[in-house]
Amino acid sequence: MTDHESKNAIQPAAGALVLAFSAAALLNAVLTIAKEVIDPLKSAMASLGGHHWPAHVAIVAAVFFVGAIALPRTPFPARWVKTNTAAMRLLVGSTLVAAVLIAGFYVATE
């Protein structure tokens, strides 16, 4: 590891949070679209809390928190998020992909 790489290294726990966020962001986008396309899914989620959004938030939050707790115990953060630069790329990339998915869906269905 070069001197620059060691200064730019990220702790595995922080890498796990980045991976958990990325998974939650992408799940949020997929779940948003799925609820619009699959009416029984939206109805089932609404039956859990009076509206579909509380269930949506609970599912996405659960994925984030389970990932944040479980991923530091795995080798994935050390392999996939080695540096601060990699972390920022993954955070920005997953956020942009999620935003494009949601926006693209709504633009296409208008």
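Scroll up a little and you will see the structure.
Residues numbered from 1 in each chain as written. Predicted model: local features only at pLDDT ≥ 70, side-chain atom pairs only at ≥ 80, totals over all residues. Heavy atoms only, no water.

Enquirer: Honestly, the overall build of the protein in this entry has me stumped. Any pointers?
Expert: Tallying secondary structure elements over the protein gives 6 helices and 0 strands in all. Along the protein, from the amino end to the carboxyl end, the secondary structure elements read α-α-α-α-α-α. A globule of 110 residues ought to have a C-alpha radius of gyration of about 13 Å, yet the protein, at 17 Å, is considerably larger. Projected onto its principal axes, the C-alpha coordinates of the protein cover approximately 55 × 30 × 15 Å. For the protein, with 110 residues in total, the buried portion stands at 28%. Taking contacts inside the protein between residues at least 6 apart in sequence as the whole, the part at least 24 apart equals 77%. Surface summary for the protein: the accessible area is close to 6800 Å², and the carbon and sulfur share equals 72%. Computing the positive centroid from 7 side-chain charges and the negative centroid from 5, the protein places the two 11 Å apart. (Helix = DSSP H or I, 4+ residues; strand = E, 2+ residues; numbered from the N terminus. Rg over C-alpha atoms; globule rule 2.2 N^0.38 Å. Buried < 20%, exposed > 50% of the residue type's maximum accessible area, 1.4 Å probe, protein only. Contact = heavy atoms within 4.5 Å. Areas by Shrake-Rupley, 256 points an atom, 1.4 Å probe, with all protein chains shown as cover. Lys, Arg positive; Asp, Glu negative; His and termini not counted. Charge placed at Lys NZ, Arg CZ, Asp CG, Glu CD.)

Enquirer: Can you walk me through the pattern of salt bridges in this structure?
Expert: Side chains that differ in charge, positive against negative, can pair when their charged atoms come close. Under the criterion given, the structure shown has 1 salt bridge. Among the ionic pairs, Glu-36 bridges to Lys-42, the shortest N-O distance being 3.4 Å. (Salt bridge = Lys/Arg side-chain N within 4 Å of Asp/Glu carboxyl O.)

Enquirer: What am I meant to see in the nonpolar core here?
Expert: Among soluble globular proteins, nonpolar side chains are generally buried collectively. Of all hydrophobic cores here, the largest spans 7 residues; its members are Ile-10, Ala-16, Val-18, Leu-19, Leu-71, Val-81 and Ala-87. In terms of residue count, helix H2 (residues 12–37) provides more of this core than any other element does, 3 residues in total. Ala-24, Met-45, Ala-55 and Val-60 belong to the second-largest nonpolar core, a separate cluster that totals 5 residues. (Core = buried A, V, L, I, M, F, W, Y, C linked by side-chain atoms within 4.5 Å.)

Enquirer: Got a minute to help me understand the side chain of Thr-32 in this structure?
Expert: By secondary structure assignment, the location of Thr-32 is in helix H2. A polar contact is formed between the side chain of Thr-32 and the backbone oxygen of Asn-28, at a distance of 2.7 Å. The contact partners of Thr-32, leaving out residues within four places of it in the chain, are Trp-53, His-56, Ile-102 and Tyr-106. (Polar contact = N/O pair within 3.5 Å; in protein donor to acceptor, adjacent residues only side chain to side chain.)

Enquirer: Sorry, what's going on with the side chain of Lys-35 here?
Expert: Locating Lys-35 in the fold gives a position in helix H2. Summary of buried charges: Lys-35 has no salt-bridge partner, and the nearest side chain of opposite charge, Glu-36, is 6.2 Å away. There is a polar contact of 2.9 Å between the side chain of Lys-35 and the side chain of His-52. Excluding its chain neighbours within four sequence positions, the residues that come into contact with Lys-35 are Leu-41, Lys-42, Met-45, His-52, Trp-53 and His-56.

Enquirer: Just to check I follow, could you spell out a nonpolar patch on the surface for this structure?
Expert: A contiguous nonpolar surface patch, about 300 Å² in accessible area, is contributed by Leu-26, Val-30, Val-97 and Leu-101. Listed by contribution, the elements that provide at least two residues to the nonpolar patch are H2 and helix H6 (84–109). Position of Leu-101 relative to the elements: it lies in helix H6. (Patch = residues over 30% accessible without salt bridge, like charges linked within 9 Å, V, L, I, M, F, W, Y side chains within 5 Å.)

Enquirer: Looking at this model, I keep getting lost on helix H4 (residues 52–70). Mind explaining?
Expert: Residues separated by three or four positions in an α-helix point in the same direction, a consequence of the helix having 3.6 residues per turn. Taking 1.5 Å per residue as the helical rise, H4 with its 19 residues ought to reach 27 Å, and the 27 Å between its terminal C-alpha atoms agrees with that figure. His-52, Ala-55, His-56, Val-60, Gly-67 and Ala-68 are the residues of H4 that are buried. (Expected span 1.5 Å × (residues − 1).)

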